[in-house]
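# Chains, contacts and geometry: an overview
The primary structure of each chain is shown beneath.
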Amino acid sequence: MFKILKFCLVCLMFGWVASVSATYLLIPMDKEQTNHLKAYGMAFWILQQQEEVSWLLNYRGGSFLCTYKESFAKECAIRDVAYQVISDVQTTAILQEIAQADVNMNEIKLTKAPKIAVYSPKNKLPWDDAVTLVLTYAEIQYDVVYDEEVINGVLPMYDWLHLHHEDFTGQYGKFWANYRNADWYREDVRQQEAMAKKLGFAKVSLLKLAVAKKIREFVSGGGYMFAMCSAPDSFDVALAADGVDICDTPFDGDPMDRNAQSKLNFDNTFAFRDFHISVNPYEYEISDIDVNPSIHMQNRTNDFFTLFEFSAKWDPVPTMLCQNHYQVIRGFMGQTTAFKKDKLKPNVLVLGETKAFDEVRYIHGTFGKGTFTFLGGHDPEDYQHFVGDRPTDLNMFPNSEGYRLILNNVLFPAAKKEKRKT
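These remarks concern the structure in this document. (Residues numbered from 1 in each chain as written. Predicted model: local features only at pLDDT ≥ 70, side-chain atom pairs only at ≥ 80, totals over all residues. Heavy atoms only, no water.)

## Considering the packing of helix H2 (residues 36–48) against helix H15 (residues 401–411)
- Contact geometry for H2 and H15: axes closest at 9 Å, N-to-C directions at 10°. When the axis of H2 is compared with that of H15, the two are roughly parallel. Contact residues: H2 offers His36, Leu37, Tyr40, Ala43, Phe44 and Leu47, while H15 offers Tyr403, Arg404, Leu407, Asn408 and Leu411.
- Within the contact of H2 with H15, the residues separate by chemical class into eight nonpolar, two polar and one charged. (Axes fitted to C-alpha atoms, helices over the stretch in contact; angles between N-to-C directions. Helix = DSSP H or I, 4+ residues; strand = E, 2+ residues; numbered from the N terminus. Parallel < 35°, antiparallel > 145°, perpendicular 65-115°, else oblique. Contact = heavy atoms within 4.5 Å. Nonpolar A, V, L, I, M, F, W, Y, C, P; charged D, E, K, R; others polar.)

## Some remarks on the sheet that holds strand E5 (residues 106–110)
- Overall, antiparallel pairing links the five strands, which are arranged E4-E1-E3-E2-E5 in an open sheet. Each edge of the sheet is formed by a strand with only one pairing partner; in this case those strands are strand E4 (84–86) and E5. Taking each pair of neighbouring strands and ignoring which way they run, the sheet shows an average axis angle of 30°.
- Inspection of the sheet shows strand E2 (residues 53–57) paired to strand E3 (residues 63–67) by three bridges, in the antiparallel sense. By the bridge assignment for E3, Trp55 is matched with Phe64.
- Helix H3 (residues 70–78) rests against strand E1 (24–27) and E3 of the sheet, and its axis sits at about 20° to E1.
- The sheet contacts of helix H4 (residues 88–99) involve E1, E2, E3, E4 and E5, and relative to E4 the element is tilted by about 95°. (Pairing = 2+ DSSP bridges.)

## Regarding the packing of aromatic side chains
- The tally for this structure, following the rule as stated, stands at 25 aromatic pairs.
- Note on Phe270 and Phe367: the rings are 4.4 Å apart at their centroids and 25° apart in plane angle, and the pair reads as stacked. Of this pair, Phe270 sits in the loop between helix H12 (260–263) and helix H13 (293–298) while Phe367 sits in strand E14 (residues 359–367), and the two are 97 residues apart along the sequence.
- With a relative accessible area of 2%, Phe270 lands in the buried category.
- Members of the aromatic cluster, connected to one another through ring pairs, are Tyr119, Tyr146, Phe168, Phe235, Phe270, Phe272, Phe339, Phe367, Phe372 and Phe374.
- Over the ring of Tyr137 we find Lys38, and its NZ or CZ is 4.3 Å from the ring centre. (Phe/Tyr/Trp six-rings, centres within 6.5 Å; stacked < 30°, edge-to-face > 60°. Buried < 20%, exposed > 50% of the residue type's maximum accessible area, 1.4 Å probe, protein only. Lys NZ or Arg CZ within 6 Å of the ring centre and 35° of its normal.)

## Re the packing of H2 against helix H5 (residues 130–138)
- Taken N-terminus to C-terminus, the directions of H2 and H5 make an angle of 70°; their axes are 8 Å apart at the nearest point. By the angle between their directions, the pair H2 and H5 is classed as roughly perpendicular. In the crossing of H2 with H5, the sense of the turn from one axis to the other is right-handed. For the pair formed by H2 and H5, the contact residues are Leu37, Lys38 and Gly41 on the first element and Val134, Tyr137 and Ala138 on the second.
- Partitioned by chemical class, the residues of the contact of H2 with H5 number four nonpolar, one polar and one charged. (Left-handed = near helix turned anticlockwise from the far one by under 90°.)

## Some words on the pairing of strand E15 (residues 370–375)
- Most of E15 sits inside the fold, with six of its six residues counted as buried.
- Here E15 shows no split at all, with Gly370, Phe372 and Phe374 on one side and Thr371, Thr373 and Leu375 on the other all buried.
- For strand E9 (residues 224–228) and E15, the ladder comprises five bridges, and the chain directions are parallel. In the strand pairing of E15, Tyr224 is matched with Thr371.

## As for the environment of Asn265
- By the element assignment, Asn265 lies in the loop between H12 and H13.
- Between the C-alpha atom of Asn265 and that of Val237, which follows or precedes it by 28 residues, the distance is 9.3 Å.

## So, H3
- Where H3 is concerned, the buried positions are Phe72, Ala73, Glu75 and Cys76. Around the axis of H3, the buried residues are gathered within 160° of arc, so they sit on the same side. Of the exposed residues in H3, the ones pointing more than 90 degrees away from its buried face are Lys74, Ala77 and Ile78.
- Looking one or two places after H3, you find Asp80, whose phi comes out positive at around 60°. (Arc of directions from axis to C-beta.)

## Here we look at unusual backbone geometry
- The phi angle at Lys174 is positive, at roughly 60°, despite the residue not being glycine.
- Mapped onto the fold, Lys174 is located in the loop between strand E8 (160–163) and helix H7 (176–179).
- Judged by relative accessible area, Lys174 falls into the buried class, the value being 3%.
- Residue Asp358 is not a glycine yet carries a positive backbone phi of 55°.
- Tracing the sequence through the fold places Asp358 in the loop between strand E13 (349–354) and E14.

## Focus on the pattern of salt bridges
- This structure, assessed with the given rule, holds 28 salt bridges.
- Residue Lys109 is joined to Glu52 by a salt bridge in which the shortest nitrogen-to-oxygen separation is 4.0 Å. Of the two residues, Lys109 sits in strand E5 while Glu52 sits in the loop between H2 and E2, which places them 57 residues apart along the sequence.
- On the basis of relative accessibility, which here comes to 41%, the residue Glu52 falls in the partly exposed class. (Salt bridge = Lys/Arg side-chain N within 4 Å of Asp/Glu carboxyl O.)

## Quick notes on the side chain of Thr132
- Within the secondary structure layout, Thr132 lies in helix H5.
- Residue Thr132 is classed as buried on the basis of its relative accessible area, which comes to 17%.
- Within polar-contact distance, the side chain of Thr132 engages the backbone oxygen of Asp129 at 3.0 Å.
- Setting aside residues no more than four positions away along its own chain, Thr132 makes contact with Val118 and Tyr142. (Polar contact = N/O pair within 3.5 Å; in protein donor to acceptor, adjacent residues only side chain to side chain.)

This is how it looks when you write it as structure tokens:
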């Protein structure tokens, strides 16, 4: 009887050990995930606990894997993030499947939570920003910086920078025609002019150019930059117009250089070339980099763009940036909705395009030691977001495929730097 009891106890002990050996936590990112957006926040939070996270590229929508801890499971439950506790044997099988040469998957180690900054005005403006919305919703920490901080040299403290809906040309978003008498517009002009004066610049356009150059230095030195809506093209337009007055009288009090177009220097830009600036102060466009918005208004129900499929083992960075549970993404408009293909520099990588409109929506490139990623449109869950509209409530869109693209960019700087295979 004692031997039988001892045998049972041994079996129970082995059963307990077996349960303890189920020491991995898998956060699936396919359609079974209850909250894709907060799942990124979970991965970020685990990194903050000094634990590594494996990003399983193209495995169940780009799932996350880490060592199991009870605190991690509890935090997933609190955030309504679906997870599975899996054994060593299951984990080994998954990693072996991913490692097969003929399978387009890869395991990328995320080692350290990136330090994040959002370039955003401190004053209240009648529109929101998709990136700050999703960072807040996903519970990912970030700092807000603006012109004064950038000019004073804070950017090297950060790994990743997002450019809020911004006009780096000093034309205040080209809102003058429709909103020049609005209180918010007049207050924004007043604050921008005061800051330019405080920092020693004669015009807001000169301040914004200096800020753009600081950001370019940040990227060149190894920083990661992400921008949406009007920021991508206004950033490049400002850099191309270095030393050229492209602001007409309503924006800076004196006429623009009538030969400005011929003086643009496209060698200064990140992504775009051969574009023409908008010289009409009444036109709600900065340049012809953006596509004609009427194309999208006429095709709203069929407005989609397709993500490219890259080799996870040979091109892990673009693969990371395209992780999703859908490959076809619903389109959305902005001051800059999409980019004309013929305005792209040849070294720019297209991540997502709309073939029917012959346009690109999502691009990536390198500059110096760093990278930039540009996404067209303003809000992935509000097709045509107007000035004064209420911010999107992401509690209603926890599985947004468009917002996932933003969070891919937030997380990929955490990846362990590995040499490209040759």
